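# An overview of the molecular structure
Here's the letter readout for the chains.
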Amino acid sequence: MNTLRRRRYLVDRTLQYRLLVYNAIYFVIIVLSVGVALFLPLYFQLSDPALRTAEKGEVAGKVLYLHSNLWPAVLVVLIILCIHSIMVSHRIAGPLYRFRRTFEQIIAGDISSMVRIRKEDLLASEQEKIAGIMAMLQSRIGKIRNAQAAVERVLEDLLRNPGIQMPEGMKARIAQIQFHNMALKKEVEYFKLPEDPASYHP
């Protein structure tokens with residue numbers, strides 16, 4: 001059902017872009033805080049009328065130095081952060097994409113295989129819980145299917161044996177059992193189970 005190969009880094013664009021925007025906002029807040037802490041005292045010094053021209057030149061030199069060195073470094077860090085955010089969000093969005101596919105298949109009645117994610121993906125504990133749910137469903141529905149098949153065989157034996165004399169009331173009851181058995185069979189046949197029938201024990 002699920003292949004472990006995943007080449008695209010943008011698996012869920014909405015989720016990954018949203019995480020990227022959040023990280024960018026946090027980064028901008030941090031940069032603005034650092035910028036205010038670095039530049040504001042220098043601007044206060046430049047606006048001080050008591051400061052001599054030579055001293056103002058030194059302060060202006062510091063401001064220019066910070067501008068020329070800080071913002072290129074900030075830009076490089078922002079690019080690295082964006083790339084890293086996409087890569088990390090890929091390890092979250094990928095499993096979520098597989099989980100959604102598994103849920104859709106369960107709704108469609110297909111519980112024939114397990115959801116698997118890559119070793120480096122996050123949400124491994126959630127994957128284990130979903131795998132446990134799938135195993136439980138496979139086992140329970142398999143047992144129900146086996147029990148329904150056993151009831152059907154008993155009914156066939158009863159109806160196929162002409163030597164058994166039954167009162168009319170009993171025949172009506174058996175007809176009701178047949179009706180409900182067919183309804184149950186239809187329901188359990190909705191689910192697609194693994195091909196190995198030996199994995200289920202009534």
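Residues numbered from 1 in each chain as written. Predicted model: local features only at pLDDT ≥ 70, side-chain atom pairs only at ≥ 80, totals over all residues. Heavy atoms only, no water.

### As for the confidence of the model for the chain
Rules: The pLDDT score gives, residue by residue, the confidence of the prediction method on a 0 to 100 scale. We count a stretch as a helix when DSSP gives it H or I for four or more residues in a row; a strand needs E for two or more, and each element gets its number in order from the N terminus. In what follows, residue pairs with any heavy atoms lying within 4.5 Å of each other are defined as contacts.
The predicted model of the chain has a mean per-residue pLDDT of 85, with 92% of residues at 70 or higher. When mean pLDDT is taken per element in the chain, helix H3 (residues 124-160) scores highest with 91 and helix H4 (residues 168-189) scores lowest with 88. Low pLDDT (under 50) marks residues 196-202, which in the prediction has 10 contacts with non-local residues, meaning those over four places away or in another chain.

### A look at the packing of H3 against H4
Selection rule: Fitted lines through C-alpha atoms give the axes, limited to the stretch in contact for helices. The angle between two N-to-C directions lies from 0 to 180 degrees. When an angle is under 35 degrees it counts as roughly parallel; over 145 it counts as roughly antiparallel; between 65 and 115 it counts as roughly perpendicular; any other value is oblique. Each crossing gets its handedness from the near helix: less than a right angle anticlockwise from the far helix is left-handed, clockwise is right-handed. Polarity classes work like this: nonpolar for Ala, Val, Leu, Ile, Met, Phe, Trp, Tyr, Cys and Pro, charged for Asp, Glu, Lys and Arg, and polar for all others, with Gly in that last group.
Here H3 crosses H4 at 150°, and the two axes come no closer than 10 Å. By the angle between their directions, the pair H3 and H4 is classed as roughly antiparallel. Once H3 is placed against H4, the crossing between them reads as left-handed. Taken together, the residues of H4 that come into contact with H3 (itself represented by Ile144, Arg145, Gln148, Val151, Glu152, Leu155, Leu158 and Leu159) are Ile174, Ile177, Gln178, Asn181, Leu184, Lys185, Val188 and Glu189. A per-class count over the contact of H3 with H4 returns nine nonpolar, three polar and four charged.

### Some details on the nonpolar core
Cut-off, in case you're wondering: In these notes, a set of buried Ala, Val, Leu, Ile, Met, Phe, Trp, Tyr and Cys residues joined through side-chain atoms within 4.5 Å is what counts as a nonpolar core. Any residue under 20% of the maximum accessible area for its type is buried, any over 50% is exposed, and the rest in between are partly exposed; the area is computed with a 1.4 Å probe on protein chains only.
Listed in full, the nine residues of the largest apolar core are Phe27, Val31, Phe39, Leu42, Leu51, Val59, Val63, Leu70 and Val74. At the level of secondary structure, the elements contributing two or more residues to this core comprise helix H1 (13-46) and helix H2 (53-107). Residue contacts for Phe39: discarding those within four places in its chain leaves Val63, Leu66, His67, Leu70 and Trp71. Among the nonpolar cores identified, the runner-up in size contains eight residues, and Val115, Ile117, Met134 and Leu193 belong to it.

### Some words on H1
Think of an α-helix as 3.6 residues a turn; residues three or four steps apart then line up on the same face. To keep things clear, this is the line we draw: Take the number of residues in a helix, subtract one, and multiply by 1.5 Å to get its expected span. Fitting one axis to the seven residues ending at a residue and another to the seven starting there, the bend at that residue is the angle between the two axes.
Taking 1.5 Å of rise per residue, the 34 residues of H1 would be expected to cover 50 Å, and the 47 Å separating its terminal C-alpha atoms lies within 8% of that figure. At Phe39, H1 shows its largest kink, close to 30°, and the proline Pro41 lies no more than four residues downstream. Residues Gln16, Leu20, Phe27, Val31, Gly35, Phe39 and Leu42 constitute the buried set of H1. Its buried side turned inward, H1 meets H2.

### Notes on the packing of aromatic side chains
In plain terms, the rule: The pairing test for Phe, Tyr and Trp rings, Trp by its six-membered ring, is centres within 6.5 Å, and the orientation test on the planes gives stacked under 30 degrees, edge-to-face over 60, and tilted for anything in between.
In total, this model carries three aromatic pairs according to the counting rule given. Relative to Tyr43, the ring of Phe39 has its centre 6.3 Å away and its plane inclined at 25°; by these criteria the two rings are stacked. Here Tyr43 and Phe39 lie together in helix H1, a separation of four residues that amounts to about one turn. Take Phe39: its relative accessible area is 5%, and that puts it in the buried class.

### Things to note about the side chain of Glu152
Examined against the element boundaries, Glu152 turns out to sit in helix H3. The class of Glu152 is buried, set by a relative accessible area of 17%. Setting aside anything within four residues of it in sequence, one finds Glu152 in contact with Asn181 and Lys185.

### Description of the packing of H1 against H2
At their nearest, the axes of H1 and H2 sit 9 Å apart, and the two run at 165° to each other. In this view, H1 runs roughly antiparallel relative to H2, as classed from their interaxial angle. H1 and H2 meet at a crossing whose hand is right-handed. Across the contact of H1 with H2, the residue classes tally to 24 nonpolar, seven polar and two charged.

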